[in-house]
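Each chain is listed here by its residues.
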Amino acid sequence: MALLEVDNLQTHFFTREGVVRAVDGVSFTVEPGKTLGIVGESGCGKSVTALSIMSLLPQPPAKIVGGSVRFEGFDLAKLSERDLEDVRGNEIAMIFQDPMTSLNPTLKIGTQIMETMQRHLGLDRKQAKQRAIELLEEVHIPGAADRLNDYPHRFSGGMRQRVMIAIAISCNPKLLIADEPTTALDVTVQAGILDLLEELQEEYEMAMILITHDMGVVAEAADDIVVMYAGQIVEQAASLELFDHPEHPYTEALLGALPQIEGEGIREGRLTAIPGRPPDLADPPPACRFAPRCPFSDREDSCAKEPPELRQIRSGHWVRSAHPASERTREPAVASK
Amino acid sequence: MREPLLVVKDLEKHFTRREGLLFQRHVSAVKAVDGVSFEIPEGKTLGLVGESGSGKSTTGYCVLQLIKPTGGSVRFMGKELTELPRGQVRKLRREMQIVFQDPYSSLDPRMTVGDIVAEPLIVHSVGSRRTRSARVRELLDVVGFDPGYTNRYPHEFSGGQRQRIGIARALALGPKLIVCDEPVSALDVSIQAQILNLLKDLQDEFGLTYLFIAHDLAVVRSMSDEIAVMQSGKIVETGPAEQVYTQPTHEYTKSLLTSVPIPDPREMEARKVERRKARAALAAG
């Protein structure tokens, strides 16, 4: 049985401007000990998906209007707030993008690490303190015992994210959701945090959902990858398969738009930009949501008429497009400036 | 030989920290920029790359005299900027402009798009009201922004569109040098590519010279002829882009390059193994 099964999740925001379909029919599973990467640009629904799993969205305006989230077989949507609290931080932990704002600036680091363990594991202060020191050592913070009494401002960004990770793993969760965990950090620090996450994942046999906008970060850390666009999954495959044979025009375009770090003619060349911008999710295109920016769609074919289904194009490789790479017969339209 | 458009030599910006209320003691100095030298020939791009706090943005501001350097020289178009009187520096600002990182905070929310782009023209008394209006439309057209929207406000546009407005404003006076301070780091990948292409096209069209500041090594590579790598206020490595990226000599450059995530799972796996070995070696002594 999969650890987490998200089935046809639909999270909408009811605003004055209309209903924003932020997450619109998202399904995936996470296996124990594995990492699922969710990749996409701002506003594609990747963070809202994570927050929906944790029931952390303010309702209203948000509302989960359809689908289910099953963790070890239990439907999280049917749990009471009280039972959810036993799951959050304990069975499923989460770390956020900004290590500057996700720690409480008025509480000592030690207090913040111990709090979770006292709540969930029923440890007394002494036990919790002992465990907190061990945790800080595990996330490689030097001088762990002394640093428990420091406030967050004494730590750098990378160190704060290490503290957040220590809190997240303190109750030995089965699933860690990491929402852009390295986006605010410098590249050399980022590499260290990704290595740490992987190390802890092995040690704690923890599954992970890694949410990021960075194709490089998922290439480094994910076993399986979900690509999201405009509230939907547009492509889903094992990591190697996805990077070797991207099928969806959007995935291809995203990879093409990335500046290369090695190769010939980089300075002289132009990047393959994706024209236009993502649709307004209060009023998305009626059929294929990528069609207005897609070099392979035209007004005559199905792209503008019926929404493409997410279909399996090869074993384990799913794509939502009428024109996946391996079925293409036409040349791309010349992209405009 | 003609002097390059911009010659920076031993540039320094030290911020002093003081303590005490009445009798302020000089405590320490933060050497944000500490002896930086480089030159940029006309029409070329120097990429200044480094991590947060390395002093790259401060260097950019010092070049434009937006903050006063505490030492060193900045020669622009053959003139020593650090010794020029204020009025003359202001006049020279026509020739040197800046594009900021954050298109959300660098445009005045109470000014229309047209007014934002026209402002440099008004400040420098260029043209009449009518010719300015025509110039604004022309500028917006050049950067790929619909000139029909001149009466709208910045909040009505996305990050990419706003950055186009910022670029149009920088172009308004027909400058020779543009300091691009992290111009795409707030943008999504697909939009980032549009803006980088635009900057390349504008350089070709108007022969612009760029000081291109960014933390993203791939972005810098795609834009630059020469690269300077900054760490703690100093340039630790410099050279033609190709050379710095393929044969880095400084340890810091090497560690930056091996830390950049690239969209290739096999390569990333190999690097991970490398890093693990390096750490084990470090731990062993």
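Description of the structure in this document. (Residues numbered from 1 in each chain as written. Chains lettered and ligands numbered in written order. Predicted model: local features only at pLDDT ≥ 70, side-chain atom pairs only at ≥ 80, totals over all residues.)

Another aspect to go through is the overall build of chain A. Each helix and strand in chain A was counted, giving 10 helices and 12 strands. Along the first, second and third principal axes, the C-alpha atoms of chain A reach 70 × 50 × 40 Å. A buried classification covers 45% of the 337 residues belonging to chain A. Long-range pairs, those at least 24 residues apart, make up 65% of the contacts in chain A between residues at least 6 apart in sequence. (Helix = DSSP H or I, 4+ residues; strand = E, 2+ residues; numbered from the N terminus. Buried ≥ 20, exposed ≤ 12 C-beta atoms within 10 Å, placed from the backbone. Contact = placed C-beta atoms within 7 Å.)

All names here are of chain B. Helix 5 (residues 159–171) packs onto helix 3 (residues 113–123) with a crossing angle of 30° between their chain directions and a minimal axis gap of 7 Å. As far as their axial angle goes, helix 5 and helix 3 are roughly parallel. Judged by the sense of rotation from one axis to the other, the crossing of helix 3 with helix 5 is right-handed. Note on element contacts: helix 5 touches helix 3 through I165, A168 and R169, opposite V113, I116, V117 and P120. Each residue belonging to the contact of helix 3 with helix 5 can be placed in one class, and the counts come to 6 nonpolar, no polar and 1 charged. (Axes fitted to C-alpha atoms, helices over the stretch in contact; angles between N-to-C directions. Parallel < 35°, antiparallel > 145°, perpendicular 65-115°, else oblique. Left-handed = near helix turned anticlockwise from the far one by under 90°. Nonpolar A, V, L, I, M, F, W, Y, C, P; charged D, E, K, R; others polar.)

This part covers the interface of chain A and chain B. A common measure of how large an interface is: the accessible area buried when the components associate. Listed by partner, the interface residues are 36 residues for chain A and 36 residues for chain B. Only helix 7 (187–204), helix 8 (215–221), helix 9 (239–244) and helix 10 (249–257) of chain A provide two or more residues apiece to the side of chain A that touches chain B. Residues belonging to the side of chain A that touches chain B are distributed by class as follows: 18 nonpolar, 8 polar and 10 charged.

Another point: the pairing of strand 3 (residues 35–39) of chain A. All names here are of chain A. Counting buried residues along strand 3, 5 of its 5 residues qualify, which places the element largely inside the surrounding structure. Alternating residues of strand 3 divide into T35, G37 and V39 and L36 and I38, and every residue in both groups is buried. Where strand 3 meets strand 9 (residues 224–229), 4 bridges bridge the pair, whose relative direction is parallel. Its bridge partner being in strand 9, I38 is matched across the sheet by V226. (Pairing = 2+ DSSP bridges.)

All names here are of chain A. Assignment of secondary structure puts F155 in the loop between helix 5 (144–147) and helix 6 (157–169). Considered as a pair, F155 and I109 are 46 residues apart in the sequence and their alpha carbons are 9.6 Å apart. Not counting residues within four places of it along the chain, the set of residues in contact with F155 comprises R160 and V163.

With that settled, the discussion passes to helix 4 (residues 129–142) of chain B. Residue and element names in this part refer to chain B. Along its 14 residues, helix 4 runs 20 Å from first to last C-alpha, staying within 8% of the 20 Å computed at 1.5 Å per residue. If you check which residues of helix 4 are buried, you get V136, L139 and L140. Burial along helix 4 is one-sided: seen end-on, the buried residues are contained in an arc of 95°. More than 90 degrees from the buried face of helix 4, the exposed residues found are R130, T131, A134 and D141. Buried-residue contacts for helix 4 involve helix 3 and helix 5. (Expected span 1.5 Å × (residues − 1). Arc of directions from axis to C-beta.)

Let us now look at the environment of R147 of chain A. Residue and element names in this part refer to chain A. With respect to the element layout, R147 can be found in helix 5. Judged by the 19 C-beta atoms lying within 10 Å of it, R147 falls in the partly exposed class. With 36 residues separating them along the chain, R147 and T111 place their C-alpha atoms 11 Å apart. Leave out the neighbours within four places in its chain, and R147 touches I109, L136 and I141.

Moving on, we come to the sheet that holds strand 5 (residues 74–75) of chain A. All names here are of chain A. Pairing is antiparallel in the open sheet, where 4 strands are placed in the order 2-1-4-5. The open sheet has two edge strands with one neighbour each: strand 2 (18–30) and strand 5. For strand 1 (residues 4–15) and strand 2, the ladder comprises 9 bridges, and the chain directions are antiparallel. Note on strand 2: the bridge partner recorded for E5 is T29.

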